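Architecture and fold: a report
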Amino acid sequence: MPENAQLLPGTLDLLILRAVSLGPLHGYGILLRIAQISGHALLVEQGALYPGLFRLVRQGLLKTTWGTSENNRRAKFYELTAAGRKRLREETENWNRLAAAIAAALAARPEEA
Amino acid sequence: MRVLDALRFRLATLFRRSEMNGEIEDEVRSHIELRADDLERSGLTRREAERRARLEFGGQARFKEEIHDAAGVTFIESVFRDVGFAFRVLRKSPSFALVSVFTLAVAIAANTVVFAAFNALILRPLDVPQAQRVYALAHAGDAFAYDSYANYLDLRNRNHSFETLAASNFSQAGLDTGENPVRAWGYEVSGNYFDTLRLQPYLGRFFHASDEHGANSAPYVVLAHGYWQSHFQADRGVIGRVVRLNEHPFTIIGVAPPGFVGTFQAFTADFFVPIVNQEQIDGANLLNARANDWVSELFGRLKPEVTPTEAAADLDSINRQLQKTYPKEESKVTFQLVHVGVANVFGGAMKAFLGGLSLLAALILLAACANLGSLFASRAADRSREIAMRLALGSTRRRILRQLFTEAILVSLAGGAVGLWASVMLLQWISSWRPFPEFPLNIPLSPDAHVYLVALLLALASGFLFGAVPVRQVLRTNPYGVIKSGSPVAMTRRITARDLLLAVQIALCAVLVTSSFVAVRGLVRSLRSHLGVEPRNAMLVETDLRAAGYAGERVPEMQKRMIDVMKTIPGVTSVGLVSVPPLHMGWNLTGVFTGKTTDMRLSNVATNAITYSISPDYFQAAGTALAAGRSFTWNDDEQAPRVAIVNQEFVRLLFRSPSAALDGYFKLGNGTRIQVVGIVQDGKYTANLAEDPRAAMFFPILQSPSSDSWLVLRSRQAPQELAAAIRSKLRDLDPGLPSFIQTWNEEMNGALFAPRVATASLGILGLMGAMLSITGIFGMAAYSVSKRKRELGIRIALGAQPRELLRAALGRAFRLLAFGSAVGLVLGILASRVLASIVYQASPRDPLVLAGVVLAMLLVGLVATWIPAQRALSIDPLILLREE
């Protein structure tokens, strides 16, 4: 098992939105998708996922439908709404800017010493 | 809509919490099964896989709470918690809660009542289909827009703006159902009246334009629903029955829908008859008298594409044509279209008065909010320790503010509910009030949904307003500072927002007190003013000769007999007869011309004089002083030359001097020359004590016969005995003669109605304002004394005299009082200009008013600071040692 990166606060929502943006998923599927797209570097605690999902539904970023999974289990599927898509775009830009800034800051060397 | 959606979601989740729990469980179960499927695929048994999956997922209860939090349920729940907590806090300080609720209730009740009046009299349209297209014709610059019937017909037939134009005239008649006639009030209306209003009968049918075939051709009567219930016991068999109106047979053909009392909503009509039968009701045929403006209201339904302005222009141009055709009868009129109803008749003054009243009521509410705001602020200061503690324990400021707002809203809703209840009671009382017993006045003040909504909004708005006062205080609270130093918040010397609020409130109160003083003073003056008659010790007997079937020669004969009989009552010193007494709610106007006028067109009219027909002894009985000349005798009859007695204003307008007037001549519109034989003092004539001097003239009843007859009896006897004697004498003369007996003072209530209502409402508002000021100053003074107990104790210990002590403790309150009162007084004097139009001789520049206001405000200050002053003086310096 690869070493897990610490999940920064606030990034769970971004990860969920990103995972769902690739197609409708049920809760368990979202967990797997996050693990898969992060190269198994990020693991979300199973129980912590659902409060996040409910919050995003309440904010109108996700919508839900009950359906059947690939192995014929009844499951609740999550899907991005238009607002969710917009939010994902904004958050991604924000994150990239922040990551670039942090990386730049960390890469800086003392000019003279 | 997003907000609403969110709220609905929250409410839904709250009320379907179990359902939601079910859904969460379903989802968790599905999750665990999916995980177990994966684990099973990696080689575990199904049982082992499921056990592992459940373990991995963790405790479900904890997640459910978190999910509920995330889904926003706790917001609603925490509101419930806040409300519960607020209830407990308020229960712990019942006097605070009671004072706040009461203060607010009073203010909200005042506003609700004023708004209900506004709503009922001005905003609420006539209750007919598409009422917004129904307009009444008003004359610019004349509150009472009377027209002649002939003029109505021309306007109706020539205009291109109205679908239909209807006419109605308020009248009265003796209604005889087989017993003795009783007086009933009703409308003479054009045949298209009900069709113009698009009303459907409750029972039977209405008459229509097609029923009109010339004078007295439509002897039909439609009963008002209320009258049908009260006088016909809601008998459905009345249709087709024949009743007698002023002794003429009329067939009942229908009953109007419930609630419809005629277009001029201020009166309760009993019946509706076709206007073409007007002669049978009024005794004289006025249908062709173009010069006689007697139809009280014209209104019509506008065609869909016509605007009111266009319609008015259309009517004006018809009027110009008519003026050319009939220069003697038609005068220049500029039409205005207004909505049908009472407000348009009493229009300007009533709107101004109600507007002023709403403003004052709003000020009261503002004052109440200021009051409660400072109460809440001082409470927040008292609770600063609790607040600091809660902050220190990790509560957010937002949460604490929400708590305080919840308390404020709770108080405001309670105050609003109590206030609404009180105002509904008051409105019911006003609606059932009959200020003039003989007159069918209808004050439709029943509250409707608008009124409830306004009360609720006012309550909520004021809750937020006074709840917002302590916000800054809470935001500034430093959790450490308060807990460290034992005594919270030091008294600052600078002017605080609370001081400003109080000063504003005192100023508002002074405005109200000034206005009510001005009004009361004006009313007292108008009661003492020169009325031109002496209502004291005079009895009025209104008789309805027409209703009893008297006409022609029999009228003067009966009038003479009545006068003679009244004279035989012991104790009666003089008896007179007049067509309509001065200051009554109705009067007759006649255009008069100077004696030299030969061209009798209306533009040459010298003045419109109020006209009375009187018996010889009338002036003596009425207490009107004859300034010059002679009074009438019974010899001034049809054979004698036409004579008149005029008032001084008449003399001033038509003659150069009293000596020129006496034995001088003037003319009426038909060319009749009339000689002035006497001059009487000026008086008040219309039912408005604020009226400017008006010309009046009196004709001998034998030369200018009138079947309207009021007997005036002067006697020192007690009114009840006198009334009994009059009644029995009249019964001996003719048992079928309707009569109404009252003292002249009672009858004057009509003229005094407006100033009395104005004075009463201003008085009540002034009282409320004073009360609010007292509680406001009291609260501030008491608070400052209790906060500065230690400082005052030190002063006492150092030997301060009571005077110095009081100055220290209450100087601020008194300075605020003085400042606020001065500002309020000035504003009040400015505001009182409006009053002058309603209350006769209301002048704010009256030393008595000024002194009264100053005294009242001083009294307010004394009452409010008395208890805090006592407490300041009785502070025991030893507390310094005891406390902390």
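Residues numbered from 1 in each chain as written. Chains lettered and ligands numbered in written order. Predicted model: local features only at pLDDT ≥ 70, side-chain atom pairs only at ≥ 80, totals over all residues.

Our focus in this paragraph is the overall build of chain A. In terms of regular secondary structure, chain A is built from four helices and three strands. Counting from the amino terminus, helix and strand elements in chain A follow one another as α-β-α-α-β-β-α. Considering chain A as a whole, with its 113 residues, one finds that 26% of them fall into the buried category. (Helix = DSSP H or I, 4+ residues; strand = E, 2+ residues; numbered from the N terminus. Buried ≥ 20, exposed ≤ 12 C-beta atoms within 10 Å, placed from the backbone.)

Moving on: the sheet that holds strand 2 (residues 62–68) of chain A. What the three strands build is an open sheet, ordered 1-3-2 (chain A); its pairing is antiparallel. Taken across any chain shown, the strands that pair with only one partner, and hence form the sheet edges, are strand 1 (25–26) and strand 2 of chain A. (Pairing = 2+ DSSP bridges.)

A word on the packing of helix 1 (residues 11–21) of chain A against helix 4 (residues 82–107) of chain A. The geometry of a pair of packed helices is captured by two quantities: the angle between their axes and the separation between those axes. All names here are of chain A. Closest axis-to-axis distance for the helix 1/helix 4 pair is 10 Å, and the angle between their directions is 125°. In terms of axis orientation, helix 1 runs oblique to helix 4. Seen along the crossing, helix 1 lies across helix 4 with a hand that is left-handed. For the pair formed by helix 1 and helix 4, the contact residues are Leu14, Leu17, Arg18 and Ser21 on the first element and Gly84, Arg85, Arg87, Leu88, Glu91 and Trp95 on the second. For the contact of helix 1 with helix 4, the per-class residue count stands at four nonpolar, two polar and four charged. (Axes fitted to C-alpha atoms, helices over the stretch in contact; angles between N-to-C directions. Parallel < 35°, antiparallel > 145°, perpendicular 65-115°, else oblique. Left-handed = near helix turned anticlockwise from the far one by under 90°. Contact = placed C-beta atoms within 7 Å. Nonpolar A, V, L, I, M, F, W, Y, C, P; charged D, E, K, R; others polar.)

Our next topic: the packing of helix 20 (residues 554–567) of chain B against helix 24 (residues 719–733) of chain B. Residue and element names in this part refer to chain B. Interaxial distance between helix 20 and helix 24 falls to 10 Å at its minimum, and their mutual angle equals 140°. Between helix 20 and helix 24, the crossing angle belongs to the class labelled oblique. In the packing of helix 20 onto helix 24, the handedness of the crossing is right-handed. Along the contact surface, helix 20 presents Arg561, Met562, Val565 and Met566, while helix 24 presents Ile726, Lys729 and Leu733. Broken down by class, the residue content of the contact of helix 20 with helix 24 amounts to five nonpolar, no polar and two charged.

All names here are of chain B. Core analysis: the biggest nonpolar cluster contains 124 residues, and Val221, Val222, Leu223, Phe271 and Val712 have the highest contact counts within it. For this core, the element with the highest residue contribution is strand 2 (residues 162–176), accounting for six residues. Each of domain 3 (131–340) and domain 5 (538–751) gives at least three residues to this core. Residues in contact with valine 712, not counting those within four places in the same chain, are Ala538, Leu540, Val575, Gly576, Val578, Pro581, Tyr618, Ala621 and Ala622. Core analysis: the next-biggest nonpolar cluster, separate from the first, contains 96 residues, Ala361, Cys369, Leu445 and Ala864 among them. (Core = buried A, V, L, I, M, F, W, Y, C linked by C-beta atoms within 7 Å. Domains from an automatic or database assignment.)

Residues and elements named next belong to chain B. Of the residues in chain B, 86% reach a pLDDT of 70 or more, and the chain-wide mean stands at 82. Low pLDDT (under 50) marks residues 486–493, which in the prediction has nine contacts with non-local residues, meaning those over four places away or in another chain. In the predicted complex, the global pTM is 0.62; the interface-specific ipTM is 0.85. (pLDDT = per-residue confidence, 0-100.)

Inspection of the secondary structure puts leucine 798 of chain B in the loop between helix 27 (789–797) and helix 28 (802–835). Sequence-wise, leucine 798 of chain B and proline 877 of chain B are 79 residues apart; in three dimensions their C-alpha atoms are separated by 9.3 Å.

All names here are of chain B. A rise of 1.5 Å per residue sets the reference length of helix 20, with its 14 residues, at 20 Å; its end C-alpha atoms lie 20 Å apart and thus fit the reference within 8%. All of the buried residues along helix 20 are Pro556, Gln559, Met562, Ile563 and Met566. Across the axial projection of helix 20, the buried residues extend over an arc of 120°, all falling on one side. With respect to the buried face of helix 20, the exposed residues turned more than 90 degrees away are Glu557, Arg561 and Asp564. Buried-residue contacts for helix 20 involve strand 12 (572–578), strand 20 (708–715) and helix 24. (Expected span 1.5 Å × (residues − 1). Arc of directions from axis to C-beta.)

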